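Below are the chains, spelled out letter by letter.
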Amino acid sequence: GLALAALVGGACVIGLAAILVRMSDAGPSATGFWRLVFAMPLLALMTRRAAGAIGRPPPMALWAGLFFALDLGFWHYGVKYTSVANATVLTNLTPVVVTAFAWIFLRQTPRALFLVAVAAAVGGAWLMAYAKGGGVVRNQALGDALSVATAFWYALYFLAMAEGRKREAASRLMFWAGVVGAPLLLLAAALLGERLAPATPAGWAAVAGLGLVHVCGQGAIAWAMGRLPTSTASVVVLVQPVVAAILGWILFAEVIGPLQGLGAAITLAGVVLAQWASRRQPG
């Protein structure tokens, strides 16, 4: 119960990330870089308090850092080139990828009810994105490809963190993942000619807030992943677009229409059903 509460709470906190990214005036990859930079001192402090020393980098943390950097970079540019609806739907295919991987490679056969729950959660997220509308489309083929890749990178990040959590504390894994991911994002930002630093105090406050969101949100998710099935965790984090929609309504007066509200309800129902299905034992 505590692990599930931490997972849901972490996913809700991560829902703030989209709002803060919008408020940041740095480039897409540069924003991801500052997110990790501001998070690492807090993660180092948490690791020292929990384990007494930061220690050597766990192998899975290095993989997690690579996959998370790719996730952030591909996602931000996917949104830039394709419609918001397409980017949201395609990146939310992560639970499908994680479930398929666990089924094929880890021999964790999912129950039929769990597959229905995954379909409902992803379908609800699609309905929310469809109802919100598209926005400007610059290069749909490229944007769609980047968004699909994002789902795979985030799925691989999930799997790496789940494997690492079998032996390491969540804060240590996240600290070393940040050590790997931050320079990769900075290099990408420089190569792509992005603005490397926020130009306003509000922009700096936004990226600092992203660091705190990363520690609290992804930290809670990473901690819970040591206690819950990976496939279930990947479905539960789909509450993020629901939270982002609610915050957009409160902060930016983005109206939630009937279809978007229905999509949110279906997504939440799918999340609850997935958790219930994963706890039931086959008869």
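Up top is the structure these notes are about.
These remarks concern the structure in this document.

Definitions and limits used
- Residues numbered from 1 in each chain as written.
- Predicted model: local features only at pLDDT ≥ 70, side-chain atom pairs only at ≥ 80, totals over all residues.
- Heavy atoms only, no water.
- Salt bridge = Lys/Arg side-chain N within 4 Å of Asp/Glu carboxyl O.
- Buried < 20%, exposed > 50% of the residue type's maximum accessible area, 1.4 Å probe, protein only.
- Helix = DSSP H or I, 4+ residues; strand = E, 2+ residues; numbered from the N terminus.
- Expected span 1.5 Å × (residues − 1).
- Arc of directions from axis to C-beta.
- 1 Å grid on protein atoms, 1.4 Å probe; cavity = no way out; pocket = protein on both sides within 12 Å on 5 of 7 lines; lining within 4 Å.
- Points joined across faces, edges and corners; volume = space filled by probe spheres on them.
- Nonpolar A, V, L, I, M, F, W, Y, C, P; charged D, E, K, R; others polar.
- Phe/Tyr/Trp six-rings, centres within 6.5 Å; stacked < 30°, edge-to-face > 60°.

**Brief notes about the pattern of salt bridges**
It is possible for side chains of opposite charge to pair when their charged atoms get near one another. In this structure the tally under the stated criterion is 3 salt bridges. Residue Glu163 is joined to Lys166 by a salt bridge in which the shortest nitrogen-to-oxygen separation is 3.1 Å. Since its relative accessible area comes to 30%, Glu163 is described here as partly exposed. In this structure, Glu163 and Arg167 form a salt bridge, with 3.5 Å as the shortest nitrogen-oxygen distance. Overall, the relative accessible area of 58% leaves Arg167 in the exposed class. Salt bridges here are not isolated pairs; linked through shared partners, they connect Glu163, Lys166 and Arg167.

**Observations regarding helix 1 (residues 2-14)**
For helix 1, built from 13 residues, the straight-helix expectation of 18 Å at 1.5 Å per residue is met to within 8% by its first-to-last C-alpha distance of 18 Å. Every buried residue of helix 1 is accounted for by Ala3, Ala6, Leu7, Gly10, Ala11 and Ile14. For helix 1, the angular spread of buried residues about the axis comes to 130°, placing them on one side.

**Notes on empty space enclosed by the protein**
Within the structure shown, the criterion is met by 1 cavity of 30 Å³ or more. In terms of lining residues, the largest cavity is bounded by Leu36, Phe68, Tyr157, Met174, Ala177, Gly178 and His214. Here the element with the most residues in the lining of the largest cavity is helix 9 (residues 170-191); it accounts for 3 residues. When its residues are assigned to classes, the lining of the largest cavity shows 5 nonpolar, 2 polar and no charged.

**Overview of the environment of Thr31**
Its place among the elements puts Thr31 in helix 3 (residues 28-51). Sequence separation between Thr31 and Leu186 is 155 residues, and the spatial gap between their C-alpha atoms is 9.0 Å.

**A few points about the packing of aromatic side chains**
We describe a pair of aromatic rings using the distance from one ring centre to the other and the angle between the two ring planes. The final tally for this structure, using the stated rule, is 10 aromatic pairs. Here Phe175 and Trp176 contribute two aromatic rings whose centre-to-centre distance is 5.3 Å and whose plane-to-plane angle is 80°, an arrangement assigned as edge-to-face. The exposure class of Phe175 is buried, given its relative accessible area of 12%.

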